[in-house]
Amino acid sequence: MPVYDLVIHGGTVVTPHGVFSSDVAVLGEKIAALGDLPEGKNNVDASGKFVLPGVIDSHVHLALDTGETVSSDDFYSGTVAAACGGVTSVMDFSAGSRERAIPDDIRIRLETAAPSVVDYSLHGEVIGWHPGREEEISAAMELGVGSFKFFMAYGKSGKRTALGEMLQAFGTLAAKGAVALVHAEEENIIEACSSRLSPEEKGSMGSVAAARPDLCEAAAVNEAGWAAAVTGVRCHVVHLSSARGLEEVRQARRRGAAMTAETCPQYLLLSSDVYGRPEGHLFSAAPALRSREDNEVLWKGLASGNLDFAASDHCPFTRAQKKWRGTFEGLPGGLPGVETLLPILYSEGVLRGRLTLCDLARITSENAARLFGLYPRKGCLLPGSDADMVLLDPEEAWTVRAGTLRTNADFSPYEGLQLKGKVSSTLSRGELVYSEGCFLGKKGRGKFLPRRRAERFGSLSSTGAHSVGGLFLGTAP
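Cut-offs used in this document
- Residues numbered from 1 in each chain as written.
- Predicted model: local features only at pLDDT ≥ 70, side-chain atom pairs only at ≥ 80, totals over all residues.
- Heavy atoms only, no water.
- Helix = DSSP H or I, 4+ residues; strand = E, 2+ residues; numbered from the N terminus.
- Rg over C-alpha atoms; globule rule 2.2 N^0.38 Å.
- Buried < 20%, exposed > 50% of the residue type's maximum accessible area, 1.4 Å probe, protein only.
- Areas by Shrake-Rupley, 256 points an atom, 1.4 Å probe, with all protein chains shown as cover.
- Pairing = 2+ DSSP bridges.
- Axes fitted to C-alpha atoms, helices over the stretch in contact; angles between N-to-C directions.
- Left-handed = near helix turned anticlockwise from the far one by under 90°.
- Contact = heavy atoms within 4.5 Å.
- Salt bridge = Lys/Arg side-chain N within 4 Å of Asp/Glu carboxyl O.
- Disulfide = S-S within 2.5 Å.
- Core = buried A, V, L, I, M, F, W, Y, C linked by side-chain atoms within 4.5 Å.
- Phe/Tyr/Trp six-rings, centres within 6.5 Å; stacked < 30°, edge-to-face > 60°.
- Lys NZ or Arg CZ within 6 Å of the ring centre and 35° of its normal.
- Expected span 1.5 Å × (residues − 1).
- Arc of directions from axis to C-beta.

Draft legend 1. Representation of the overall build of the protein within the structure. Across its full length, the protein holds 13 helices and 19 strands. For the protein, whose C-alpha radius of gyration is 22 Å, the value lies close to the compact-globule estimate of 23 Å for 477 residues. Expressed as lengths along the three principal axes of its C-alpha atoms, the size of the protein is roughly 65 × 55 × 40 Å. Each of the 477 residues in the protein was classed as buried or not, and the buried ones make up 61%. Surface accessibility of the protein: about 17,200 Å² in total, with carbon and sulfur atoms responsible for 51%.

Shown next, in the form of structure tokens:
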């Protein structure tokens, strides 16, 4: 009988496939055993607590340079906040550039990410795609990055990828077994809606919802879904915000697209009503916030599996950075949320009957691990997996206050929200990095997570070579 380094005793283990009482043993950085286990060298009493797989937040923006400012959390402060919220792996983005190759973008970002206290991986941003860049994808995958983000908006900044170039890029990604991420907002609809706003309307934060309506998301998802079905690429829609957008995801799957989608707590809890608050400008983000009806449709999507998982899209700015200058145009877009992701999904989801405990483990850990090629190293509580775990006290009631959170953002979009259920401990690769209000991890202890090819779950298009209008679009793996 081995002597375990650490044993978590008496907890209720929560997985996507069941909830049961079990001890969990750790040897080195790995889970060694589950069951009725003896004392280890170190022991944690988890009586009355849930033991879940460490959360994988697959969408964060740390040290994000917008050109005018930099998001207020770097990879140290942001991952401290993550650990305190039960997040044991984060996925950020390279800073795409027309002047640099994607592998060079990734190398630069890896240097920036080195202070992380939890494990991390990257998505590669694709800016300025053109024929001849195919080998950049292969080189990026050799560096351990297997997912690549495309913007269907932000044309003025040069980030937008038009449909023709996106088809070519999707074909390349399909052939290499990579995942295409899309920021799904249709630029032409945004431009048309914005052009109809009067100067007075542009001076009102409430006009954001009119400038970036749900139609712009739905149209972009429709277009990306068609491109995914044609090329056979695995396509993932980030930060889905609307019922119309979700219906287009379902339609894409019916057409044969291998499409997945995530949503975020802000699109589950907040509505466009918040723009009318005295500090409504603090809620600037893209996509825009929607209606209460959209909130409920997205909750149902998570429960049914039509939405695959939740991520925070943690993109924090301070009040000073979001200072109102008379118009919503030019406000930095993004909200803090990595630390509150799990507690919100438990309190507002599970306790309100919108989700089950098994759903919670599925949408915060396993599905992201599977899609992004991290499973079973991450995303599960199995012998041989990394010992990433979060202990959640289901009885602790607390109120969200910006001053008590670890992010450098000095406001929370959920200020004053009363929650039940709080993270009591977080283990990253067997090390207790957070416990009972105290951060215990060390700067730079996080490891980069190189990824293998993603699992192909969900609806899939037929394999083989595809062409549209003479364009070679690759071969699905």
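Draft legend 2. Layout of the sheet that holds strand β13 (residues 309-310). One open sheet accounts for eight strands, arranged β6-β7-β8-β9-β10-β11-β12-β13; its pairing is parallel. Here the strands that pair on one side only, and so sit at the sheet edges, are β6 (55-57) and β13. Relative to β13, strand β12 (residues 258-263) runs parallel, the two sharing two bridges. Bridging across to β13, E262 finds its partner in F309.

Draft legend 3. The arrangement of the packing of helix α12 (residues 341-350) against helix α13 (residues 357-371) in detail. Between α12 and α13, whose axes approach to 11 Å, the crossing angle comes to 150°. You can see that α12 and α13 cross each other, and the crossing is right-handed. Packed against α12, whose contacting residues are L342, L345, Y346 and V350, the element α13 presents L357, L360, I363 and T364 at the interface.

Draft legend 4. Representation of the pattern of salt bridges in the model. In total, this model carries 28 salt bridges according to the counting rule given. Ionic pairing is found between R107 and D104, a salt bridge with its closest N-O pair at 2.9 Å. Residue R107 and its partner D104 are located together in helix α2 (residues 102-113), separated by three residues, close to a single helical turn. Since its relative accessible area comes to 35%, D104 is described here as partly exposed. Here the salt bridges do not stand alone but share partners, grouping E29, K30, D119, R377, K378, D386, D388, R429 and K447 into one network.

Draft legend 5. Quick look at the state of the cysteines. Within this structure, the stated rule accounts for zero disulfides. Here C216 is not disulfide-linked; the sulfur of C193 is the nearest cysteine sulfur, at 7.3 Å. Not part of a disulfide, C380 finds its nearest cysteine sulfur in C358, a span of 15 Å.

Draft legend 6. View of the nonpolar core. Of all hydrophobic cores here, the largest spans 115 residues; its most connected members are F148, F150, F170, V182, V237 and M259. With seven residues, the top contributor of residues to this core is α13. Excluding its chain neighbours within four sequence positions, the residues that come into contact with V237 are V182, A184, V221, V249, M259, T260, A261 and E262. Ranked by size, the runner-up nonpolar core spans 14 residues in total, among them I31, V44, V51 and L427.

Draft legend 7. Structural context of the pairing of strand β16 (residues 431-435). Bridge count between strand β15 (residues 418-428) and β16: four bridges; the pairing is antiparallel. From the neighbouring strand, S425 faces β16, where its bridge partner is S435. Between β15 and the antiparallel strand that follows it, β16, lie two residues; R429 among them carries a positive phi value of about 50°. Across two bridges, the pairing between β16 and strand β17 (residues 438-439) is antiparallel. In the strand pairing of β17, S435 is matched with C438. Joining the antiparallel neighbours β16 and β17 is a turn of two residues, in which E436 adopts a positive phi near 50°.

Draft legend 8. Highlighting the packing of aromatic side chains. Across all of its chains, the model carries five aromatic pairs by this definition. When the centroid spacing of 6.0 Å and the interplanar angle of 50° are considered together, the rings of Y120 and F448 count as tilted. Taken together, the positions of Y120 in strand β8 (residues 119-125) and F448 in the loop between β17 and β18 (465-468) put the pair 328 residues apart, joining distant regions of the chain. Measuring from ring centre to ring centre gives 5.5 Å for F150 and F170, while their planes differ by 80°; the resulting arrangement is edge-to-face. On the criterion of sequence distance, the pair formed by F150 in strand β9 (residues 147-151) and F170 in helix α4 (residues 163-176) is long-range, its members being 20 residues apart. Of the two residues, F150 and F170, neither departs from the other in class, the shared state being buried. Here K149 stacks its cationic end above the ring of F93, 4.5 Å away from the centre of that ring.

Draft legend 9. Up close: α2. The end-to-end C-alpha separation of α2 is 16 Å, in line with the 16 Å expected for 12 residues at 1.5 Å each. Those residues of α2 that sit buried are I102, P103, D105, I106, R109 and A113. For α2, the angular spread of buried residues about the axis comes to 150°, placing them on one side.

Draft legend 10. Layout of unusual backbone geometry. Residue A286 is joined to P287 through a cis peptide bond whose omega torsion reads 0°. Within the secondary structure layout, P287 lies in the loop between α10 (265-269) and α11 (292-304). Cis geometry marks the peptide bond from Y375 to P376, where omega comes out at 5°. Secondary-structure assignment places P376 in the loop between α13 and β14 (389-399). The phi dihedral of H239 falls on the positive side, at around 35°, and the residue is not glycine. Assignment of secondary structure puts H239 in the loop between β11 (234-237) and α9 (243-254). Even without a glycine there, the phi angle at D313 is positive, about 50°.

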